[in-house]
Structure formats: C-alpha cells, structure tokens
Amino acid sequence: MTIRSVVIGSGHYLPEKCLTNADMTRLVDTSDEWIVERTGIRQRHLAAEGETTSMLATKAAIAALEDAGIDPQTIDLIVLATATPDYTFPSTATQVQAALGITGGAAFDLQAVCSGFVYAVATADNFIKAGSAKRALVIGAETFSRILDWTDRTTCVLFGDGAGAIVLEAREGEGANADRGILCTHLRSDGRYRDKLFVDGGPSTSMTTGHLRMEGKEVFRHAVANMAETVEESFRLSGISPQEIKWFVPHQANRRIIDATAKKLNIDPSRVVITVDLHGNTSAASIPLALSVARRDGRIETGDLVLIEAMGGGFTWGSALMRW
Ligand code: UT7
C-alpha cells in the first residue's frame, strides 16, 4: 500500500480590476503589439487598494474547499507559496488559516518565487506521504503589483495579481502510475543566478520592500532548458511518456517560453493550458490559477495525467506529475 496525495478540489480568485495592454500604454512607453508579440499577454488583474495576498488566497481557498465539499476544520496543513506576503511576519498562511476559521494543524509560507506552487505541492505531498498530514490546502497567491517598478516598462507589463488553491487528501494507492494523486515531484535550485531575477530590498538588507529587477533575456535563456530538464527527469524516473500527458500546465510567464518548452518536451500544443494571455505572470499563483480554470471549464477530468512545471527567481525550478 502506498499513500498518495490526491487532488480533491481546486479554486481560484482574480481581483476585479483588470488592466489591458492599452491601459499599460498610458503608464509606460509600450504597445499592445510589443507585449502580445513578445509575451502573449493581453491583460492582467490588479489587487485593489487594501486588498492583500491573504485576502486573495482566502477567496481561492474557499473556492477549493467548496469544490472538495469538505469542512475547513478537517484541513491539518496549509502551505502557501508567495513572494509577496502581507507582512514580514506572521506568515500569510496563518492569516488565511484564521480567515477560514481553522484552529488546528499547521500553516506556513513557502518562498520559491514563480516555482513556489511546485515547491508547495512537493512539500505537502511529502508531509502526506510521511503520515504527518491527512488533508492539505496548497495555495499560490501573489500581489506582484506591489513590488513592481511602474516606471520600468521591461518588467511592469509582465506581471499580475491573483491566487489559486488545491486541496490534497491522503488516499491509498497501489504504487503504480495508474494511481490517482501526485506521482512524482522534482525540485531544483541554483543560487548563483540571484542577480538575474530579484527584488532589490528586504527586511535584512534595505529595511524596505524593494522592487522587482530582471534580466529578461537571461531568464528566458535558462527557463526552457531548466524546465525541460526537470520534466525529462520525471519522465525517465516514472516511465511516463510525453504522449501520455493529458494536460501540460506550465508556469505562465511568457507564451514563447511555454510553446518552446512544450515543443522541446514533445507535448502536443492542444494539450497545453494557457492563461498568460488573460492573467499575465502571477508568479506562484499562475499554475493553481491555470489548473482551476482548466478544471472548471471541463478540460481537466478525474483520472487525467497532469504535468506542472515552473522556473523562477533564485533560480528555482521544478515539476510534478499528478493523476487528477
Ligand atoms: O516568472 C519568472 C520567470 N520570468 C520569465 O520567464 C521572463 C523571461 N523573459 C521574458 O519573458 C522576455 O525576455 C521578456 C518578455 C522580458 C523580454 O522579451 P525579449 O524578446 O527578451 O526582449 P528584450 O528584453 O531583448 O528587449 C527587446 C527590446 C529592447 O529594445 P532595444 O534595446 O532592442 O532597442 C527593449 O528596450 O524591446 C524593448 N522593450 C520594450 N519595448 C516596448 C522592453 N520592454 C518593452 C516594452 N514595450 N514593455
């Protein structure tokens, strides 16, 4: 008997305010044509004044819990991936825990920037497999609009705010690829690339929040190679082939990166879930947002083999294979 972490619910939340590329041209020297051609992004949602990461996360969590049809009190683990927490401390996860009225179990934040959700899934899966948790809420939530330099056209057009969540439950499996649940996860990082994508502030350095800085071309160059490498490792170790993947749900940073990665991995374009056009890059929220969208519109069905992967600041990167 093998313990599997099975997805029993998913949900998402996007702030009401939406900025189109035309709106961006009123803020910086850019054009709809440039943004669409280079990134595939057409619009992004922005949190309202006073609307925090924990508020977005709580709404996504409520949607996921309702989808699962379970009592929030039965959640014994919350792992929340974010690079834009409400406060330096306490964690955003404990804010969500309180907002949901959960008084038991453990809640903590996880910081791996855009790879955060993949890291959070791997972490929750290992807690469940070790028998330390039975039902986990795994959330990716961001308010990147708060750390953008709105005068820097090379970064501010790329990001958006949002949140997505899944509920994982411990179930018995056979230990085979036909099992429902997380089948394998692979995480990687290489801290030598810190200066390619970072925020130039923090409590222990500048005592400020800071702004996002990125050498876009350099990140692009590493993204496809790194993400393809971790997925190929998953295929090799699991014995699963690219043709078996029903839905490829990559981190949504750039349409060109997504297309190039799918091509390198031999995954049919019709199997790729794309939301970057509507959400922009929402960092740790992008994958659970895309999972929830594809689940709600009927694409992802129970039993489907789903591949997620991401790369972000650090660099960090990783992938997970799951049978929904
Ligand atoms: O989620 C974390 C991981 N992040 C990523 O994966 C992002 C990875 N990088 C990228 O997606 C792309 O590199 C970008 C979308 C950021 C940039 O695309 P690019 O094709 O690499 O463009 P570039 O940076 O080489 O810039 C080309 C030109 C430059 O002008 P010059 O120097 O050729 O005259 C830029 O100044 O485009 C200019 N440019 C813009 N023009 C209009 C840069 N930003 C803009 C803009 N509007 N917003």
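Below is a summary of the structure that appears in this document.

Criteria and thresholds
Residues numbered from 1 in each chain as written. Predicted model: local features only at pLDDT ≥ 70, side-chain atom pairs only at ≥ 80, totals over all residues. Heavy atoms only, no water. Near = heavy atom within 4 Å. Polar contact = N/O pair within 3.5 Å; in protein donor to acceptor, adjacent residues only side chain to side chain. Areas by Shrake-Rupley, 256 points an atom, 1.4 Å probe, with all protein chains shown as cover. Helix = DSSP H or I, 4+ residues; strand = E, 2+ residues; numbered from the N terminus. Buried < 20%, exposed > 50% of the residue type's maximum accessible area, 1.4 Å probe, protein only. Pairing = 2+ DSSP bridges. Axes fitted to C-alpha atoms, helices over the stretch in contact; angles between N-to-C directions. Contact = heavy atoms within 4.5 Å.

**Considerations on the site of the ligand**
Then, number 1: Around the ligand there are 23 residues in total, and Thr30, Lys217, His251, Asn254 and Asn281 lie nearest to it.
Then, number 2: One of the side-chain N or O atoms of histidine 251 is found 2.8 Å from an oxygen atom in the ligand.
Then, number 3: A distance of 2.7 Å separates an oxygen atom of the ligand from a polar side-chain atom of asparagine 254.
Then, number 4: For the ligand, whose unbound accessible area comes to 960 Å², protein coverage reaches 75%.
Then, number 5: Among the elements of the structure, helix H2 (32-39), helix H6 (153-156), helix H7 (216-238) and helix H8 (255-265) are those that each provide at least two residues to the shell around the ligand.

**Describing unusual backbone geometry**
Then, number 1: At the junction of phenylalanine 89 and proline 90, the peptide bond is cis and its omega measures out at 0° in the coordinates.
Then, number 2: Counting through the fold element by element, proline 90 comes out in the loop between strand S4 (77-81) and helix H4 (92-99).
Then, number 3: For the bond from glycine 314 to phenylalanine 315, the omega torsion is -5°, close enough to zero to count as cis.
Then, number 4: Summarising the element assignment, phenylalanine 315 is placed in the loop between strand S12 (305-312) and strand S13 (316-323).
Then, number 5: The phi torsion at valine 113 lies on the positive side, around 50°, for a residue other than glycine.
Then, number 6: Looking at the element boundaries, valine 113 is found in the loop between strand S5 (106-110) and helix H5 (116-129).
Then, number 7: Phi angles above zero are rare outside glycine, and methionine 207 is one such case at about 60°.
Then, number 8: Among the secondary structure elements, methionine 207 is positioned in the loop between strand S9 (197-199) and strand S10 (212-214).
Then, number 9: Judged by relative accessible area, methionine 207 falls into the exposed class, the value being 69%.

**Quick word on the sheet that holds S12**
Then, number 1: With mixed pairing, the 4 strands of this open sheet are ordered in space as S8-S13-S12-S11. Two strands in the sheet have a free side with no partner beyond their single neighbour: strand S8 (181-189) and strand S11 (247-250). Averaged over all neighbouring strand pairs, the angle between strand axes comes to 10°, with direction disregarded.
Then, number 2: Across 8 bridges, S12 lies against S13 in antiparallel orientation. The residue bridging valine 306 from the neighbouring strand is methionine 322, located in S13.
Then, number 3: The strands that H5 touches are S8, S12 and S13; relative to S8, the one it contacts most, it runs at about 125°.
Then, number 4: Contacting S11 and S12, helix H10 (residues 286-296) runs over the sheet at an angle of about 155° to S12.

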